[in-house]
Amino acid sequence: MKLTKIFMASTALAFAAGAVAAEEMTIVSWGGAYSKSQMKAYHEPYSAKTGVNIINDDSSAEAVSKLRAMNEAGNVTWDVVDVVASDAIRLCDEGLAEEIDFNTQLAPAPDGTSAEDDFGALLVSDCFIPQIVYSTTFGYRTDLVGDTPPTEICDVFDLEAYPGKRSLEKRPIGNMEWALLCDGVAKDEIYEVLETSEGQDRALAKLDTIKDSVIWWSAGADTPQLLADGEVIMGSTFNGRLFSVIEEQNQPVAMLWDAQMFDLDGWIIPAGLSEERKARALDYIYFATDTQRLADQAKFISYGPARASSAPLVSTHAELGIEMAPHMPTDPANAQNTFLYNYEFWADYRDDIDAKFQAWLAK
Amino acid sequence: MGRKVRPIHTNTSDGDIMSDTTDSGPMLAADGTPLKRSLSRALRRQKMRALMLVAPLLIFVLISFIFPIGSMLFRSVENDIVADTLPLTVVELQKWDAESGELPDEALYAAFASDMVKAIAAKEHTKLGTRLNYEQTGLSSLFRKSGRKMKKLDPAEDAPFKEKIIKIDKKWGDVETWRAIKTHSVRITNGYFLNAVDMRRTPEGAQAQPEDKQILITLFQRTLLMSLMITGSCILLGYPVAWILANLPARTANVLMILVLLPFWTSLLVRTSAWKVMLQQQGVINEVLVWLGMVADDSRLALINNQTGTIIAMTHILLPFMILPMYSVMQTIKPHYVRAAKSMGATDWTAFWRVYFPQSVPGIGAGSILVFILAIGYYITPEIVGGTKGVFISNRIAYHISSSLNWGLAAALGTILLAVVLILYWAYDKIVGIDNVKLG
C-alpha cells in the first residue's frame, strides 16, 4: 500500500517535472560578454513575456560537431543555436538545421518592410537568421608604435616602420586576403587570385615576410591579452573584444578599422526537433530577431545589428553610457574599407587552403 | 544464464561424469549428488557471482570505451555516402572508362539526374558535396549550386540530360569531376588512411600529396619525438624528487608529497595558462632574467609559442605521473642493500648505480609508459603554448573533428595513433618486459 503510494507520488512528480521541462528551452551561444548581452536583450524579456525558462549552454564553438553527433544519436537536446554564418552554411548543407521561411517566420520591420528585405544581403543561407555583424580587425598599442600610428592594413606587413610582434589568427581565412591585398592585388580580384595555386603561394610568400614576427592565436581572448601584456604591438581579433580592452579596461589600445573583415553571427534551429519544441524555437526567434531586440543587444556589446531598420535605434552602452554607434563595425567612419567574408569561396577552399597553410606554418 | 546451467542436468550419462566413477560407484556429496558435479556447481555459482560484481564495470567499459573505439575504427574506412546517394550513377560509372579521357554517355547523365532529384528531395546532395570536397576542391559548391537548379528536372520527361546538366554547370562536362566521383564511390575506402599519411587515392592508385600540403607525417614524427623528450625530462626531474620523498622520514615526506600532488589537483587549463604568464617575453621569467642582467632587454628568450613552451609546460603537467610510480617503487627498496654494498667498499656512486638504481628501474618503466602515452595524445596544452612548431597530431585531429567535419580522416589519424601506441607498448614489453613495471 505504502509502496503504491510512493510509486504514484513519484510518477506524478515525474509528470510534473515533464510539464515544467516543456516550458524550458536550451539556447546555445558563445559564453562570456556575448552571452550576457543576449541574456539581457533577448532571454530576459522573452522569459518575462512567455514564462519560458531559458537555459544557456556555452557550446557554440563545438556546435557543428556536437549537432552532428546528436543527430546521429537521434537525440537533439538544443532548441536554438548561435553560430557564425559559415557554420550555419555547413549545418544547412548537412541537413542539420531547419530551413526558415524568412517572410512568414520572422517579424517585419516596424515600417512594414519584409524581413527578407530588412536583412537584405545578409541572408547567406536558407537556415540562418543573422543577428549581428561583427568584424575581425586590428588593434594596436598606442604607446608602442612610435609617433605615426598605423592607419592602413598594410602597416601590419611593414616591419621597418612598425618593428615588433603582431598576432594573427591561426587559420588562413582573413590572413590570405590581407596578404594579397598588401601584395598589390586589387580588392575585387582577390578571390579569383586565391582560387589558383599560384595565388595561394603568393599570399603565403607575403605572409612569409612577417612570419618570424607573428604570434598565432586561436582563441578570441588571446589578442586582447597579448596587447594588454605588451607581448604584441598589434593584432587581429573580433572588434567587440577590442572594444572591451579599450573602453572597459582602459588599455592604451586603438582600433585599426582598415580592411576589416565583416562576418555574421546568428541563429539556427536544429533539425529533428519535435513539433512542439520547433514551434517554441520559432516563437523565440520571431521575438528575438525583431528590429527593437537587435538594436537592444548593441547596448551591451559593440556588434552591429543585422537588420537595416535596427541601425537608427542603436543607443548608448547600458553601463558605460557612451554612444555605441561610433564603435560599430558598420559605422560609416569605420566601414570605409571593408571585406565581406566570402562564404561560398571558403566553403569550397577551406580544407585545401588550410592544409597548405598548416604545412606552411610547420615549416 | 539458463543456457549455461542446463548441461549440468543433462550431463548425467556423459562419459566425463562416468570417468570419475570408481568401482564402488561415484563419490557422493552430503546431499547425494556426485561430488564432482556438486563441486563444479558451487564453483560455477561463485564465478557467476564474481561476474555479476564486475558486470557494471564490464558494461561501462564496453559502452564507453570498446564500442566508441570500434565505431571510430570503422569510420576510417567507411564510405557509403557516394554509393547510397547516387546508386544508379555509381552503377553507370563502373561501365565508364575513366582513362579514355572522354565524357560519360547519356545513360550516366540520366542516371545522375534521377539520383540527384531524389537526393535533393532528401537534402543529401550537399552532404555528398562536402564529402567529395575533401578530395577535390570545388565539389562542395558544385553540388550545392547545381542542387538548386536540378531539383526542377523531371527524370521521366526531360531527357536527354547530358547537355542540360552541363549547361547547369560546366564542371559536369569536366572529366576530372567524374573521375573523382568514380574514384571515391567504393563503399570501403583506403582514402582516409592514405590522406592520413600524406597520400591520396587517385584513379592511378595511391599517390603522394603535393609537397606543399604534406603535413601529417611531420606532425606524427614531431608528436613522437617531443613525447620522448617530455618523458626524458620527466625522468631527469622526477627521479631525484622521488628519491628524496622515499628516503625522508614519513612526516616530512608527506608534507613534500602535497607539493607534488597540489598541481596534480589543479585544473589543467589553469596550469597551462599560468605557464603562459611565466614564459612569455614580457613574462615573469624573462623579467627576472633582464632584471638580473643575464639577458639583454632587446633579446629576451623565446620560451613560449614554440617547442620549448610545449616541453616545459607538459613536463610540469605530467611530472606527478612520473614521480608517483617511482616513489612507490623506491619505498619498497630496503636501505640495507646500499649499506651492505658500502660496507663492502663500494663508493657512493657504485652503490647507487649497481645496487639501488637497478631496483628502481620498474618505477621508471611504469612512469615512462604513463607519461609517454598521456603525452602522445595531449591536445590542449600544445594548442595554448605550442605556437606553430609545438603542436601535436591531436591538434590536427581536433581540427578535423570540430572544424572541417572530416571525421573519416580524424578517425584514420586516431587509428594510426592508437596503433603506434600499441606497437610501442609491445616493443617495450619485448625489450624491458611488462612484468618489470610496477606501480607500487
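Residues numbered from 1 in each chain as written. Chains lettered and ligands numbered in written order. Predicted model: local features only at pLDDT ≥ 70, side-chain atom pairs only at ≥ 80, totals over all residues.

Going by what an unreviewed UniProt entry lists, chain B is known as Spermidine/putrescine transport system permease protein PotB and is assigned to Thalassovita mediterranea. Checking UniProt for chain B, the heading Sequence similarities (unreviewed entry) contains the comment "Belongs to the binding-protein-dependent transport system permease family. CysTW subfamily." As recorded by UniProt, the Subcellular location (unreviewed entry) comment attached to chain B reads in full: "Cell membrane". (UniProt positions renumbered as here; feature names shortened; annotations may be inferred.)

An unreviewed UniProt entry lists chain A under the name ABC-type uncharacterized transport system, periplasmic component, with Thalassovita mediterranea given as the organism.

Caption draft 1: Quick look at the overall build of chain A. Helix and strand content of chain A: 14 helices and ten strands. Since a compact globule built from 363 residues should have a radius of gyration of about 21 Å, the 23 Å found for chain A is in line with a globular shape. Taken over the C-alpha atoms alone, chain A extends approximately 85 × 45 × 45 Å along its principal axes. For chain A, buried positions account for 49% of its 363 residues. Sequence-distant contacts, at least 24 apart, represent 71% of the contacts inside chain A between residues at least 6 apart. (Helix = DSSP H or I, 4+ residues; strand = E, 2+ residues; numbered from the N terminus. Rg over C-alpha atoms; globule rule 2.2 N^0.38 Å. Buried ≥ 20, exposed ≤ 12 C-beta atoms within 10 Å, placed from the backbone. Contact = placed C-beta atoms within 7 Å.)

Caption draft 2: Here's a closer look at the overall build of chain B. Helix and strand counts for chain B come out as 21 helices and two strands. Seen through its principal axes, chain B has C-alpha atoms that stretch 100 × 100 × 35 Å. Residue burial in chain B is summarised as follows: out of 440 residues, 34% are buried. In chain B, the share of contacts with a sequence separation of at least 24, taken over all contacts with a separation of at least 6, comes to 66%.

Caption draft 3: Structural view of the pairing of strand β8 (residues 253-268) of chain A. All names here are of chain A. With respect to burial, β8 is a largely interior element, 13 of its 16 residues being buried. Both strand β3 (residues 80-84) and β8 contribute to a ladder of four bridges, which runs antiparallel. If you follow Val84 over to β8, its bridge partner there is Asp265. Where strand β4 (residues 129-141) meets β8, eleven bridges bridge the pair, whose relative direction is antiparallel. Considered in β8, the bridge of Gly139 is made with Met255. (Pairing = 2+ DSSP bridges.)

Caption draft 4: The interface of chain B and chain A, seen in detail. Residue-level contacts link 30 residues of chain B with 27 residues of chain A. Only α7 (125-133), α8 (139-150) and α20 (393-403) of chain B provide two or more residues apiece to the side of chain B that touches chain A. The greatest single-element share of the side of chain B that touches chain A, amounting to five residues, is contributed by α7(B).

Caption draft 5: Quick peek at the domain arrangement of chain A. All names here are of chain A. Assigned domains of chain A: these are domain 1 (23-133 + 264-327) and domain 2 (136-262 + 336-362). Listed by partner, the interface residues are twelve residues for domain 1 and nine residues for domain 2. Considering only residue class, the side of domain 1 that touches domain 2 consists of nine nonpolar, three polar and no charged. (Domains from an automatic or database assignment. Nonpolar A, V, L, I, M, F, W, Y, C, P; charged D, E, K, R; others polar.)

Caption draft 6: Structural context of helix α18 (residues 348-376) of chain B. Taking 1.5 Å as the rise per residue, α18(B) with 29 residues should run 42 Å; its terminal C-alpha atoms sit only 37 Å apart, a clear shortfall. Along its length, α18(B) reaches its greatest deviation from straightness, about 50°, at B:Phe357, and the proline B:Pro358 lies no more than four positions downstream. (Expected span 1.5 Å × (residues − 1). Bend = angle between axes of the 7 residues up to and from the residue.)

Caption draft 7: Molecular detail of the nonpolar core. Of all hydrophobic cores here, the largest spans 157 residues; its most connected members are A:Ala88, A:Leu91, A:Ile268 and B:Leu318. With 13 residues, helix α16 (residues 307-331) of chain B is the single largest residue contributor to this core. (Core = buried A, V, L, I, M, F, W, Y, C linked by C-beta atoms within 7 Å.)

Caption draft 8: Highlighting the UniProt feature "transmembrane region" (unreviewed entry) in chain B. Summarizing the sequence annotation, UniProt attributes the feature "transmembrane region" (unreviewed entry) to residues 50-74, 224-246, 253-270, 311-330, 351-380 and 407-428 of chain B in the numbering used throughout. Spanning residues 50-74 of chain B, this segment combines 100% helix with 0% strand, and its end C-alpha atoms are found 33 Å apart.

Caption draft 9: Up close: the domain arrangement of chain B. Segmentation of chain B into domains returns domain 1 (2-10 + 31-75), domain 2 (81-187) and domain 3 (216-436). With centres defined by C-alpha atoms, the gap from domain 2 of chain B to domain 3 of chain B works out at 52 Å.

Caption draft 10: Here's a closer look at the packing of helix α4 (residues 85-93) of chain A against helix α14 (residues 343-362) of chain A. All names here are of chain A. Viewed as axis vectors pointing N to C, α4 and α14 meet at an angle of 65°, and their least axial separation amounts to 10 Å. The orientation of α4 relative to α14 falls into the category roughly perpendicular. Viewed along their axes, α4 and α14 form a crossing whose handedness is right-handed. Contacts between α4 and α14 involve Ala85, Ser86 and Ile89 from the first element and Tyr343, Trp346 and Ala347 from the second. Looking at the contact of α4 with α14 residue by residue, the classes come out as five nonpolar, one polar and no charged. (Axes fitted to C-alpha atoms, helices over the stretch in contact; angles between N-to-C directions. Parallel < 35°, antiparallel > 145°, perpendicular 65-115°, else oblique. Left-handed = near helix turned anticlockwise from the far one by under 90°.)

Caption draft 11: Local environment of helix α6 (residues 106-121) of chain B. All names here are of chain B. For α6, built from 16 residues, the straight-helix expectation of 22 Å at 1.5 Å per residue is met to within 8% by its first-to-last C-alpha distance of 23 Å. Looking at α6, one finds that the buried residues are Leu108, Tyr109, Ala110, Ala111, Phe112, Ala113, Asp115, Met116, Ala119 and Ile120. The inward-facing, buried residues of α6 contact α4 (80-85), α5 (87-95), α7, α8 and α9 (162-168). At the exit of α6 stands Lys123, carrying a positive phi of roughly 55°.

Caption draft 12: Structural context of the confidence of the model for chain B. All names here are of chain B. For chain B, the mean per-residue pLDDT works out to 88, and 94% of the residues sit at or above 70. Under a pLDDT of 50 for its full length, residues 1-22 has, in the predicted model, ten contacts with residues more than four places off or in other chains. For this predicted complex, the interface confidence score (ipTM) comes to 0.85, while the overall pTM stands at 0.86. (pLDDT = per-residue confidence, 0-100.)

Caption draft 13: Structural view of unusual backbone geometry. All names here are of chain B. Across the junction of Ala159 and Pro160, the peptide omega takes the value -5°, indicating a cis bond. The residue Asp198 is not glycine, and still its phi comes out positive at about 60°. With respect to the helices, strands and loops of the structure, Asp198 is situated in the loop between α11 (191-196) and β1 (199-202). Positive phi values are uncommon outside glycine, yet Asn305 reaches one of about 60°. On the secondary structure map, Asn305 appears in the loop between α15 (284-292) and α16. For Asn305, a count of 26 C-beta atoms within 10 Å corresponds to the buried category.

Caption draft 14: Seen up close, the environment of B:Pro104. Residues and elements named next belong to chain B. On the secondary structure map, Pro104 appears in the loop between α5 and α6. In this structure Pro104 comes out as buried when scored by C-beta crowding, with 23 C-beta atoms within 10 Å. For the pair Pro104 and Glu92, spaced twelve residues apart in sequence, the C-alpha to C-alpha distance is 8.8 Å. Look past the residues within four positions of Pro104 in its chain and what remains in contact with it is Glu92, Trp96, Tyr109 and Trp178.

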